[in-house]
Amino acid sequence: MKTQLIPTEQVKEAAAFIKKGGLVVFPTETVYGLGASAFNPVACARIYTAKGRPSDNPLIVHVSNEAQFSEVTGLLPPEAVALKKAFWPGPLSLVVPKNENLPEIVTAGLPTVAVRWPQSPVAQAFLESCGVPVAAPSANVSGAPSPTTFEMVKGAMLGRVDAILAGEDCAEGLESTIVGFVEGRAKILRPGSITPEQISAVLGCTPADLVYQPPTEGRPVSPGLKYTHYKPDATVKLFRSFSEIKLEEVHDHKVGLLLRGDAPTVPEGWEVLVFDDWKTYGKSLYSSFFDLDRVGCTLILAQLPEETGIGLAIANRLKKAAGV
Ligand code: AMP
Ligand code: MG
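Residues numbered from 1 in each chain as written. Chains lettered and ligands numbered in written order. Predicted model: local features only at pLDDT ≥ 70, side-chain atom pairs only at ≥ 80, totals over all residues. Heavy atoms only, no water.

Caption draft 1: Region of interest: the overall build of the chain. A tally of regular secondary structure across the chain gives 11 helices and 14 strands. Taken against the 2.2 N^0.38 rule, which gives 20 Å for 324 residues, the C-alpha radius of gyration of the chain at 20 Å falls within 12% of a compact globule. Dimensions along the principal axes, computed over C-alpha positions, put the chain at roughly 60 × 50 × 35 Å. Relative to all contacts within the chain whose residues are 6 or more apart in sequence, the contacts with residues 24 or more apart total 68%. Split by element, the accessible area of the chain, about 14,000 Å² in all, is 54% carbon and sulfur. (Helix = DSSP H or I, 4+ residues; strand = E, 2+ residues; numbered from the N terminus. Rg over C-alpha atoms; globule rule 2.2 N^0.38 Å. Contact = heavy atoms within 4.5 Å. Areas by Shrake-Rupley, 256 points an atom, 1.4 Å probe, with all protein chains shown as cover.)

Caption draft 2: Fine view of the sheet that holds strand β4 (residues 60-62). Within the open sheet, the 10 strands sit side by side as β1-β8-β2-β3-β7-β4-β6-β5-β9-β10. Their pairing is mixed. Two strands close off the open sheet at either side, each with one partner strand: β1 (4-6) and β10 (185-190). In the sheet, strand β2 (residues 24-26) pairs with strand β3 (residues 33-37) via 3 bridges, with the strands oriented antiparallel. When the sheet's bridge partners are listed, F26 is paired in β3 with G33. Its contacts with the sheet put helix α7 (residues 150-157) on β1, β2, β3 and β8 (163-165), and the angle it makes with β8 is roughly 170°. Sitting on the sheet, helix α8 (residues 196-203) touches β5 (92-97), β9 (177-182) and β10, and the angle it makes with β10 is about 165°. (Pairing = 2+ DSSP bridges. Axes fitted to C-alpha atoms, helices over the stretch in contact; angles between N-to-C directions.)

Caption draft 3: Expanded view of helix α1 (residues 11-19). Buried within α1 are the following residues: V11, A14, A15, F17 and I18. All buried residues of α1 fall inside an arc of 150° around its axis, so they share one side. Away from its buried face by more than 90 degrees, α1 exposes K12 and K19. Close packing links the buried residues of α1 with β1, β2, β3, α6 (121-130), β7 (134-135) and β8. Phi turns positive, to about 90°, at G21, one or two residues after α1. (Buried < 20%, exposed > 50% of the residue type's maximum accessible area, 1.4 Å probe, protein only. Arc of directions from axis to C-beta.)

Spelled out as structure tokens, the structure:
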């Protein structure tokens with residue numbers, strides 16, 4: 001398939017593909033999304049094929065106004081209304097009852113829909129032009145890290161989609177925080193750059209109240225949680241402090257090192273990426289994986305943050321990438 005590369009000023013051209021049932025990759029503040037009209041089941045089926053995504057893993061629907069939001073949702077729990085008011089537009093997806101008219105393929109048969117109103121001006125302009133809610137998972141081949149730069153997304157999606165809306169690097173660089181509701185109470189199904197501390201401050205609860213306990217039997221509430229994710233080609237190993245690394249155990253590898261703070265002294269030939277703070281580390285995580293793979297690293301040693309604030313989302317992605 002020929003993929004048209006479209007500059008960000010020409011969102012209308014990209015939206016025309018969506019209206020015709022096509023697939024368009026577009027930038028958001030979290031990661032690049034792979035979009036199709038949420039009300040076109042044939043186009044949505046093409047998303048699963050383009051990504052190699054398991055058919056039981058539902059899509060997040062992106063909206064850019066209240067009317068589009070009402071088209072895809074049913075009756076909202078009061079806590080969803082409060083979170084929507086506090087954080088939208090922004091990197092938060094809410095899992096709420098679906099509208100009966102929304103095709104089953106979008107929600108993989110679930111009675112709920114994950115929906116988000118992105119903040120990125122390019123994403124908003126694109127969604128406005130589409131005039132329909134757009135179902136869009138991350139624009140990676142299933143299992144790989146999500147693309148956060150134009151270069152990454154071209155590598156992943158050229159030849160698989162009708163068009164790519166070329167954009168800037170994604171401002172957050174990590175997928176949205178997903179909040180679902182169990183008996184009306186908010187639970188974080190996937191951590192992201194909106195933190196448990198921020199959410200609990202809005203709802204008047206504690207961060208611990210937001211912890212989701214998956215059922216021991218039956219279908220998990222968020223099907224995507226069970227799949228391998230975010231994995232670069234290189235093996236990923238995690239550490240908290242550089243002193244834990246035993247050099248004799250890694251000397252067979254071309255090593256990439258990701259850490260926050262000051263650059264340590266390392267053996268010759270290592271690729272070292274140092275970030276001033278965890279926010280920047282998180283924003284650059286997937287593009288760092290991409291860059292380290294490209295220069296031939298076979299082992300990525302990545303520093304693990306404390307699991308509070310943005311550290312919770314970073315640690316979640318790192319552990320999946322490392323398979324631990
Ligand atoms: P992605 O768009 O690639 O970031 O993945 C979307 C994530 O949202 C996956 O982990 C899905 O399982 C999750 N998701 C989408 N729809 C629902 C839903 N109705 N209920 C729970 N989780 C959902
Ligand atoms: Mg994804």
